[in-house]
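# Coordinates in review
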Amino acid sequence: MKFVGTSVKRVDGVKKVTGSLKYVDDIKLSKMLYVAVKRSPHPHAKILSINFEKALAIKGVKDIITGDLFTKRGGLYLEDKNFLAVGKVRYRGEAVVAVCAISEEIAQSALEFIDIEYEVLPAVTNAKDAMKPDSPLVHPDLGEYKWAPVFFPVPGTNISNHYTLRKGDAKKAFETADFVVENDFYVPHVQHVPIETHTAIAQMDADGFMTVWASCQSPYAVRQALSEAFDLPLNRLRVLSPAVGGGFGSKAGTTLEGILIPFAKKFPDHPVKLTYSRQDEFENAYVRQGLHARIKTGVNKDGKIIAVENEFIWDGGAYNEYGVNIAKAAGYASAGPYDIENVYTDSYCVYTNHPVGGPYRGFGMSEIHFGIEQNLDMVAEQIGIDPVEIRRINGMKPGGVTGTGEVVEVAGLMECLDIAVEEIKFYEKSESTSPTKVRGKGIACGWKAPSMPTNAASSAIIKLNEDGTAHLLVSAQDIGQGSDTVMTQIAAEVLSISPEKITIRTGDTDQTPYEWQTVASRITYSAGRAVFEAANDAMNQLLELAQIKIGLSKRDLELRDGYVVSKIYPDRKVAISELALGLTFEDGSGIHGPIIGRGAFIPPNVRNADKKTGLGEHPVVFWTYGAQGIEVEVDLETGAVKILKVVSVFDVGKVMNPQLLEGQMEGAIAQGIGTALFEELMLKDGKVLNPSFVDYKIPTADDMPEMVIKFVENPEDTGPFGARGVAEPAMVPTAPAIANAIYAATGIRLNTMPLTAERVLNAIKAKNND
Amino acid sequence: MKTLIEFTLNGEVVECLVDNQRTLLKMIREDFDLTGAKEGCGAGECGACTIIVNGKALNACLVLAVEADGTEITTIEGLVVDGELDPLQVSFIDNAALQCGYCTPGMIMTAKAMLVENPHPTENEIREGISGNLCRCTGYKKIIEAIQVVADQNKA
């Protein structure tokens with residue numbers, strides 16, 4: 001292959017290095033109005049009255065709105081959310097009143113002249129407490145809400161989704177197990193921290209047509225949500241996402257856009273803008289949900305795991321419209337990438353008066369694997385085999401059966417594990433040069449499936465130009481992962497023209513075709529397949545015309561370097577530029593017209609699992625497997641953990657662009673290290689204590705270790721050129737591999753993230769005192 | 001209150017009657033429509049707004065615009081000379097040292113100032129030099145490599 005599998009340079013590279021790419025906050029429009037939001041100071045309170053007369057009287061303030069104007073609830077999977085609070089507030093920071101003014105400064109300054117009277121309600125700020133029968137209810141009317149039928153809210157409680165998986169007879173198997181190891185783990189809330197905060201602009205034309213520019217991963221999902229919430233027909237609502245300065249899930253679904261629509265409606269021809277401050281981003285954008293996990297593993301002396309029982313309690317925060325699916329995805333994956341006969345899992349998404357949980361790279365997998373992979377090491381130690389061996393015995397192999405009862409045909413886990421073990425030199429002891437520091441190596445596996453509706457669709461259009469160049473239209477969003485480049489490569493490969501001859505356009509619901517969402521590590525796979533289909537469609541049209549022109553059968557023709565060429569007589573060819581607008585005969589007549597390739601794709605045969613048992617033949621499109629080996633050095637005097645080396649190996653099906661793929665893997669490691677070692681959204685009584693970069697640190701260049709990135713390529717049959725998704729899975733094993741390495745170095749086992757120096761030091765001291 | 005200031009912006013002498021409260025970042029972005037420098041935090045913690053003032057990398061969000069009076073300022077837009085990308089820009093593309101691109105202008109400006117001050121940095125000096133610029137996408141490895149390539153060209 002010429003283009004697929006090679007390190008084609010980013011097609012968006014020049015615009016990004018020159019600073020000329022316009023992100024939403026860079027868009028300057030005339031007559032702009034600005035919005036500021038008054039937020040709740042209470043985690044849970046009834047709104048008694050709102051008085052904004054004084055604020056409205058300020059010069060430059062155009063209008064002020066409250067949630068009472070728009071009481072229709074919305075949400076991706078469970079309709080539990082309003083853009084502005086209605087009746088009560090459910091987390092500290094919830095948007096209550098929005099001010100629209102002629103400048104940002106005036107809008108901001110008007111906020112302090114708004115008086116809101118609250119009746120404070122008892123708050124619940126721990127997901128386990130929230131499940132108790134006497135807990136305050138965050139959503140007392142849950143039973144009246146609408147939700148997708150694959151979720152199971154429990155009205156009258158704080159449980160927004162109770163997922164169950166019942167495979168085999170775990171209870172019975174535990175009775176016969178030689179050893180049972182059971183542990184609790186806790187993973188706190190973290191923030192996505194895209195460098196670009198959320199921002200959006202809305203503008204309505206005089207004829208009622210609404211345009212929204214949003215820094216969002218999924219313009220079609222935003223369009224759908226806004227259409228429902230504000231009764232705007234889809235053909236009168238255009239959502240554009242010109243560029244996204246980092247997403248990681250935080251800009252999935254819809255976030256702040258709805259706050260702008262009422263103002264845009266009221267002030268036609270005025271663009272209305274809202275940009276989150278960094279503090280807003282920490283407090284009011286989605287957060288990664290906290291997780292209380294209990295994992296119980298039953299194993300026989302020979303190392304074969306015969307049963308697992310899991311309880312996952314997700315702290316979903318005030319609104320769970322998206323979080324319910326994280327609980328479900330975690331349930332599907334709860335056995336880990338292991339072939340285990342008996343699995344018993346309860347995964348609960350629970351309302352609390354915390355910031356709103358939502359999709360974060362990994363979609364629950366990083367969180368559950370922190371427990372799964374540590375528990376596995378403890379099991380191995382219990383029966384006296386090493387961490388690699390227990391994974392070799394139980395790890396998924398082709399023909400194996402997943403936790404949800406699906407037989408898998410492709411599973412490159414063992415190859416990944418072997419490479420990780422070899423590259424990290426797992427069996428070679430490494431010594432620190434310092435007498436007060438110790439080193440250790442840890443290993444962890446991971447898996448993830450795209451967590452999306454079974455029928456999530458993609459589409460693509462390719463328009464051929466009369467000079468032999470082409471336009472590729474998709475709504476897969478390049479949020480940094482490089483999809484613009486990979487989509488271009490796929491089209492270039494099929495059409496046999498160089499990537500420079502293809503211009504890709506994305507992110508415009510009026511101009512680019514449907515894409516469900518840029519999430520779930522599904523874009524290379526799903527949008528890529530749609531592009532593949534579109535290019536093939538264009539190719540077929542070209543071959544049809546060429547066979548008339550050349551007088552050779554279509555099956556003997558192929559595309560080669562901008563020509564349709566005979567496979568047998570290479571000198572008989574016609575330029576695709578000549579056919580781009582159709583075929584013209586010598587008498588001047590023509591047929592067919594312009595070549596436009598159309599591609600559409602839904603992953604085939606993905607069906608809902610059984611509602612009660614969670615079992616299903618093919619409930620997810622594919623699983624991506626991988627393993628990481630990590631070496632750490634622990635300072636025994638300070639507890640500080642330094643990551644020395646990370647080896648990351650994944651079965652990606654097909655490496656589409658080695659350089660960009662490496663970048664995805666390296667970025668995932670960075671996020672994995674940050675969340676493992678020091679990132680935590682500190683919450684006290686519902687308040688975020690560290691909403692700034694001073695107090696919430698993310699990894700810097702100084703924190704990064706040596707990284708070795710390797711790939712395995714067992715093709716995914718339905719993916720373009722065999723590709724499957726990997727951007728999220730890549731960070732899944734990092735935290736547990738670090739925890740396992742710390743154990744190898746020090747003998748201390750840490751069940752709570754992050755693995756801060758303080759926590760490590762306390763554990764070392766406690767161990768020394770034993 | 002507004003003040004009339006004069007300074008050199010990307011090689012051109014310019015004037016601006018600027019609000020005394022306006023930050024340098026805001027002036028550059030809104031009064032001069034140079035939007036390459038980004039506001040990532042508004043508190044000098046992320047480096048997305050980095051520009052070069054009198055040869056030094058500076059967080060433009062932390063400085064008032066009036067302080068620009070009499071200075072010489074280069075923004076990311078000023079790195080392209082006669083249509084030619086700066087070697088750092090070329091290297092960032094060649095080494096895939098960018099993903100979402102939001103930190104990229106600031107990162108390149110920091111690297112640019114660093115290489116002027118220290119044309120032959122070690123890998124550790126590069127790491128340290130860009131440690132005030134946050135990137136959430138790349139894991140920094142390819143950024144360090146991209147800068148190293150240009151530093152090595154300096155040696156030649």
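Residues numbered from 1 in each chain as written. Chains lettered and ligands numbered in written order. Predicted model: local features only at pLDDT ≥ 70, side-chain atom pairs only at ≥ 80, totals over all residues.

## Considerations on the packing of helix α10 (residues 365-383) of chain A against helix α11 (residues 387-394) of chain A
Residue and element names in this part refer to chain A. To be explicit about the condition: Axis definition: a line fit to C-alpha positions, over the contact stretch in the case of helices; interaxial angles, taken between N-to-C directions, run 0 to 180 degrees. Counting from the N terminus, the helices are the DSSP runs of H or I reaching at least four residues and the strands are the DSSP runs of E reaching at least two. An angle below 35 degrees is read as roughly parallel, one above 145 as roughly antiparallel, one from 65 to 115 as roughly perpendicular, and any other as oblique. Contacts here follow a simple rule: the backbone-placed C-beta atoms of the two residues must lie within 7 Å. Following the grouping adopted for this structure description, the nonpolar residues are Ala, Val, Leu, Ile, Met, Phe, Trp, Tyr, Cys and Pro, the charged ones are Asp, Glu, Lys and Arg, and the polar ones are all others, Gly among them.
Relative to each other, α10 and α11 sit at 105°, their axes nearing to 8 Å. Overall, the two elements α10 and α11 adopt an arrangement that is roughly perpendicular. Contact residues: α10 offers Leu376, Asp377, Val379 and Ala380, while α11 offers Pro387, Glu389, Ile390 and Arg391. Here the contact of α10 with α11 is composed, by residue class, of five nonpolar, no polar and three charged.

## As for the sheet that holds strand β11 (residues 237-240) of chain A
All names here are of chain A. We apply this condition: Should DSSP find at least two bridges between two strands, the strands are taken to pair.
In space, the seven strands of this open sheet follow the order β3-β5-β1-β12-β9-β10-β11, with mixed pairing throughout. Two strands lie at the open edges of the sheet, namely β3 (61-66) and β11, each paired on one side alone. Each adjacent strand pair in this sheet contributes to an overall mean axis angle of 20°, direction not counted. In this sheet, strand β12 (residues 272-275) lies alongside strand β1 (residues 33-39) in parallel orientation, the contact comprising two bridges. Its bridge partner being in β12, Leu33 is matched across the sheet by Val272. Sitting on the sheet, helix α6 (residues 219-230) is in contact with β10 (210-214) and β11, with an inclination near 145° to β11.

## Here we look at the interface of chain A and chain B
One frequently used descriptor of interface size is the decrease in accessible area upon assembly of the parts. On the side of chain B, 42 residues touch chain A, which itself brings 42 residues to the contact. Elements with a minimum of two residues in the side of chain A that touches chain B: α1 (13-17) and α16 (658-677) of chain A. Residue contributions to the side of chain A that touches chain B peak at seven residues, all from α16 of chain A. Within the side of chain A that touches chain B, the residues separate by chemical class into 18 nonpolar, 13 polar and 11 charged.

## A closer look at the pairing of strand β17 (residues 458-464) of chain A
Residues and elements named next belong to chain A. Filter applied, for reference: Buried, partly exposed and exposed are defined by the number of other C-beta atoms within 10 Å of a residue's own C-beta, namely 20 or more, between the two limits, and 12 or fewer respectively, with C-beta atoms placed from the backbone.
Counting buried positions along β17 yields six of seven residues, so the element is predominantly enclosed. Inspection of the sheet shows β17 paired to strand β25 (residues 596-601) by six bridges, in the antiparallel sense. Residue Ile461 lies in a different strand from β25, and its bridge partner there is Arg598. As judged from the four bridges shared by β17 and strand β18 (residues 470-473), these two strands associate in the antiparallel manner. Of the residues in β18, the one forming a bridge with Ile461 is Leu473. What sits between the antiparallel neighbours β17 and β18 is a turn of five residues, in which Gly468 has the positive phi angle 85°.

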